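Summary of structural features
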Amino acid sequence: MSRGFASSYRILLLGGGFLACFGALGARLVWLHVVDREERIKSVAKVRPMMVAEAARRGDILDARGARLATSRSEVVVGVDPHALLRRDEKKWPELAALLDMPEAELRERFTPRWREPAAPAAPVVAAPVMTPAGTEGGFQFNLTPAAPVSADRDEDDTDPEPAAPGPRPIRWVKLKEDVPESLHERIRKLNIQGVYGVREYRRVYPSNQLAAHLIGYVNREQKAVAGMEAYADFYLRGQRGWRLVERDGRNRELPQFGSREVPRVDGFSVTLSIDSTVQDIVEQELAYLAEKFEPLKASIVVSDPDGFILAMANYPTFNPNEFNKVPKAEEARMKNAAVADIYDPGSVFKIVPAAAALEERLVTPHTVIDCSLEKKLHNGRMLSLPGEDHRMGQLTVSEVISHSSNRGAAQLGMMLGEERLHRYARAFGFGSRLGFPVGGEVAGILHPWQKWYPIDITRIPMGHSVSATVLQMHQAMSVIATGGVLLRPQIIRQIRDAGNETVYAYQRAEIGRVISPETAARMAGMLVGVTRKGGTALEAAIEGFDVAGKTGTSQKFINGEWSRKHHIASFVGFFPAARPKVIISVIVDDADHRAPNGVAYGRTVAAPSFRRIGEQLIPILNIRSGGGSDRAGTIALSEGGRR
Amino acid sequence: MKKDSSAFANQLLVGLIVAICFGGSIGLGTVWMRHQISVTAKDNRDLAAQIARLERLIDEKKTIIETEQAPDKLRTLNVTLGLGLVPMTQIPVEHVTENVVERMARLAHRDLFTDAAARPAPVTFRIAQH
């Protein structure tokens, strides 16, 4: 039998040596993993865990055709840790200065390491962000050691991930530039300068500038939704930040294999509005034209479809949400959505309420003749003076009361109804209460309980005085006629979609309640067609080939305790085609008298032409077809006294 | 027969070497596997980061495109470039609400019932000449 290699004592010695080495190694392992475990883990646990937070992308606000009205753009705040800079990177500094559009001397000044004297000890917080190096990916990173909080908004920060040592603290964060686009950040990143960091954040952008500014609202610099749809739908738009708890190596690099917990970010949902950018642009162009021609104090235009969805809503003056912070303090009123937040006397537009109510209650027919030459009339045992007329009117049918806009005729219709019924119908038409419009700080307007009315109010309220309403309320009151007698909730959101473009919620036509019967609505539409025909008060609103139903309004403004004869609110609210309405348009111009013909801004001369111009442009865009000769409303207008 | 006293040591050493090799292989395999897990995790993270980066760049480009398509910018371009584009106005189409077939038939045959159509066509005779 062979003796083998074990015969030599050297082999035994070698084996013994091996065993001894392994024994020593084992002993050391036992020491590290069992005996000294707690101490080792404590030091590692202090340094290695890292929480990486990921900002969620705020959802888009889209128009009905999918165009982005508000979107989020990723931007980077570039900063530097002067203490982490390396000599070898110094030759790249001029290029960095050029990319940042900063003088090299200023860059070098910011790159100079500085220290801050220690402040009084502050209460520790859980997390202090460590900026993402320009060469890595991710958002904020947090170590989990107690330290002072830092924000990317700060120009300098002396937060040190290492345990605090006595003496001056190094300033670890100096801001170089904010609002750096992703493409530029890519180029900075490729320079690979150690110590230059980028903190990513989303900035809100409004690509169409002032288009629909009052509806969209804006998000401020602190990423807080302040106004408009941004604020209303913030819950859906803002999304949810994500984070992951990982470990890092000695060079501060993430070790993805040791990720223990992760909550993925959820991007915000997108909100699709009923606004049509093309219609909105037409409306805003018209407002710009009105502003240039008449220099009004304010003006508002609303366009909606017969289902209550707003196609356009705009006000003059307006603002650019991209530059919301540049609006002077004294002009902040321009950021208000005047169409829902300001109230006006509706004027003659309100006459549709007593007329429709009297028809519905069968007190009159469109043929019923009313003596509009009367100056006084007995009501509830009192002789009440009737309001004045612009020009003398005699015996008029109810249709003519509307088409000629007779104040006395409307007053007598109101007296036929009585206070209680007139008030009830006015409420049913949407006056005196909020309609539930989601954005702009809608107000309810003023319609006092009928028990608190003065005796004279029954003659003034039917002509739109002693009552105040928003533009939207006037618009929706006219919509009652256009929709066949139903008051609809004005809506602006069509759909809410998640990041995967799946519909989360779709808004439908919402009825507040029936106001009048479809037959009464059709008769009213017929009577209102008479307004835009020869002999009516707004021939200027007529659109060739279409039956236009509408009502003018001219109300005096209450200035310095009296009704002014020099300051008026001109309005025209109408729809077309009268028989099958496709679009409802309201134009309200506040105080355009000084540039109006004859110094008075009538609804006929100021607002009605705007209605026509907008209507004509909407015909091809919304594919509106004429009702032709068989228009039911047109027939009523002709046969029932619109024109005798 | 002489008893071989080093046989046990031989076996022990062989066993030890085999055990060390086996344990080392297991250890190396484990280390390699952990390394591969790390590499894969890092690759995944890098890919996710790259996808996110590309999405952000796409978003940025989309925003730039939308901004350039804003109505006021297009109007400015229309003027600057002298394109002469005008807003769309009412399309000159006659909307027909009556029966289309009857209308087409009537238009196609309207000459049949005019006075000219009702008048007898003149009859001419050619006289033969011999």
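Reading the values: the criteria
Residues numbered from 1 in each chain as written. Chains lettered and ligands numbered in written order. Predicted model: local features only at pLDDT ≥ 70, side-chain atom pairs only at ≥ 80, totals over all residues. Heavy atoms only, no water. Helix = DSSP H or I, 4+ residues; strand = E, 2+ residues; numbered from the N terminus. Buried < 20%, exposed > 50% of the residue type's maximum accessible area, 1.4 Å probe, protein only. Areas by Shrake-Rupley, 256 points an atom, 1.4 Å probe, with all protein chains shown as cover. Disulfide = S-S within 2.5 Å. Core = buried A, V, L, I, M, F, W, Y, C linked by side-chain atoms within 4.5 Å. Contact = heavy atoms within 4.5 Å. Buried area = accessible area lost by both parts, 1.4 Å probe. Salt bridge = Lys/Arg side-chain N within 4 Å of Asp/Glu carboxyl O. Polar contact = N/O pair within 3.5 Å; in protein donor to acceptor, adjacent residues only side chain to side chain. Pairing = 2+ DSSP bridges. Expected span 1.5 Å × (residues − 1). Phe/Tyr/Trp six-rings, centres within 6.5 Å; stacked < 30°, edge-to-face > 60°. Patch = residues over 30% accessible without salt bridge, like charges linked within 9 Å, V, L, I, M, F, W, Y side chains within 5 Å. Axes fitted to C-alpha atoms, helices over the stretch in contact; angles between N-to-C directions. Parallel < 35°, antiparallel > 145°, perpendicular 65-115°, else oblique. Nonpolar A, V, L, I, M, F, W, Y, C, P; charged D, E, K, R; others polar. pLDDT = per-residue confidence, 0-100.

In this section: the overall build of chain B. Regarding its fold elements, chain B presents four helices and zero strands. The order of α-helices and β-strands along chain B, N terminus first, is α-α-α-α. Counting over 130 residues, chain B shows a buried share of 15%. When the accessible surface of chain B is summed, it comes to about 11,200 Å², and 66% of that surface belongs to carbon and sulfur atoms.

Here we come to the state of the cysteines. The full count for this structure, using the stated rule, is zero disulfides over all chains. A:Cys21 takes part in no disulfide bond, and the closest cysteine sulfur to it belongs to B:Cys21, at a distance of 16 Å. Overall, A:Cys21 belongs to the exposed group, its relative accessible area being 53%. Relative accessible area serves as the criterion here: at 46%, B:Cys21 is assigned to the partly exposed category.

Right, let's talk about unusual backbone geometry for a bit. Residues and elements named next belong to chain A. Of note, the bond from Tyr316 into Pro317 is cis; its omega dihedral lies within 30 degrees of zero at -5 degrees. By the element assignment, Pro317 lies in the loop between strand E18 (310-316) and helix H10 (338-341). Following Phe576, the chain continues to Pro577 via a peptide bond in cis, the omega torsion being -15 degrees. Structurally, Pro577 can be placed in the loop between strand E28 (562-576) and strand E29 (583-590). Here Ser466, not a glycine, exhibits a phi torsion of approximately 60 degrees, which is positive. By secondary structure assignment, the location of Ser466 is in the loop between helix H15 (457-460) and helix H16 (471-482).

Okay, the nonpolar core next. A general feature of soluble globular proteins is that nonpolar side chains tend to end up buried together. Residue and element names in this part refer to chain A. Among the nonpolar cores identified, the biggest contains 129 residues, and Val303, Phe429, Leu528 and Phe576 are the most heavily contacted of them. Every residue in contact with Phe576, bar those within four places of it in the chain, is listed here: Ile543, Phe546, Asp547, Val548, Pro581, Lys582, Val583, Ile585, Phe611, Gly615, Ile619 and Ile624. Membership of the second largest hydrophobic core comes to 21 residues, among which are Leu100, Phe111, Val174 and Leu191.

Take the interface of chain B and chain A next. Taken residue by residue, the interface counts 36 residues in chain B and 51 residues in chain A. Between chain B and chain A, a total of about 3,500 Å² is buried, with carbon and sulfur atoms accounting for 58% of that surface. On inspection of chain B and its partner chain A, the count reaches five salt bridges. In this structure, B:Arg53 and A:Glu186 form a salt bridge, with 2.8 Å as the shortest nitrogen-oxygen distance. Summed over the shared surface of chain B and chain A, the number is six residue pairs in polar contact (both at pLDDT 80 or more). Of the residues forming the side of chain B that touches chain A, the biggest block, 23 residues, is contributed by helix H1 (residues 7-68) of chain B.

Residue and element names in this part refer to chain A. Side chains of strand E13 (residues 242-248) alternate between two faces, with Gly242, Arg244, Val246 and Arg248 buried and Trp243, Leu245 and Glu247 left unburied. The pairing of strand E1 (residues 49-54) with E13 spans six bridges and is antiparallel. From the neighbouring strand, Pro49 faces E13, where its bridge partner is Glu247. With two bridges connecting them, E13 and strand E14 (residues 254-255) associate as antiparallel partners.

Let's shift gears to helix H17 (residues 518-529) of chain A. Residue and element names in this part refer to chain A. The end-to-end C-alpha distance of H17 is 16 Å, a good match for the 16 Å that 12 residues give at a rise of 1.5 Å each. Of all 12 residues making up H17, nine are buried, and the element is well covered by its neighbours. Every buried residue of H17 is accounted for by Thr520, Ala521, Ala522, Met524, Ala525, Gly526, Met527, Leu528 and Val529.

For the rest of this paragraph, the subject is helix H11 (residues 352-360) of chain A. All names here are of chain A. Burial analysis of H11 places eight of its nine residues in the buried class, the great majority of the element. For H11, every residue scored as buried is listed here: Ile352, Val353, Pro354, Ala355, Ala356, Ala357, Ala358 and Leu359. Looking one or two residues beyond H11, the residue adopting positive phi is Arg362, at roughly 60 degrees.

Turning to the packing of aromatic side chains, a few remarks are in order. All names here are of chain A. This model, assessed by the stated rule, comprises 11 aromatic pairs over all chains. With a centroid separation of 4.8 Å and 80 degrees between ring planes, the pair formed by Tyr505 and Tyr507 is classed as edge-to-face. The partly exposed category is assigned to Tyr507, whose relative accessible area is 22%. Ring geometry for Phe576 and Phe611: centres 6.3 Å apart, planes at 70 degrees, overall edge-to-face. Placement of the pair is Phe576 in strand E28 and Phe611 in helix H18 (residues 603-621), with a sequence separation of 35 residues.

To continue, consider a nonpolar patch on the surface. Judged by side-chain polarity, A:Leu14, A:Phe18, A:Phe22, A:Leu25, A:Leu29 and B:Ile20 come together as a nonpolar surface patch covering roughly 570 Å² of accessible area. Top element by residues in the nonpolar patch is helix H1 (residues 9-35) of chain A. It accounts for five residues. Tracing the sequence through the fold places A:Phe18 in helix H1.

All names here are of chain A. Looking at the element boundaries, Lys377 is found in strand E20 (residues 376-379). Sequence separation between Lys377 and Val44 is 333 residues; the distance between their C-alpha atoms is 95 Å. There is a polar contact of 3.2 Å between the side chain of Lys377 and the side chain of Gln412.

To continue, consider the packing of H16(A) against H17(A). All names here are of chain A. Interhelical geometry of H16 versus H17 gives an angle of 110 degrees and a closest axis separation of 8 Å. Classified by the angle their axes make, H16 and H17 are roughly perpendicular. The segment H16 lies against H17, with Met478, Val480 and Ile481 engaging Ala521, Met524, Ala525 and Leu528. The residue makeup of the contact of H16 with H17, split by class, is seven nonpolar, no polar and no charged.

We now examine the confidence of the model for chain B. Residues and elements named next belong to chain B. Averaged over all residues, the pLDDT of chain B is 81; the fraction at 70 or higher stands at 75%. The spread of mean pLDDT over the elements of chain B runs between helix H4 (residues 115-118), the lowest at 59, and helix H2 (residues 71-80), the highest at 90. For this predicted complex, the interface confidence score (ipTM) comes to 0.72, while the overall pTM stands at 0.79.

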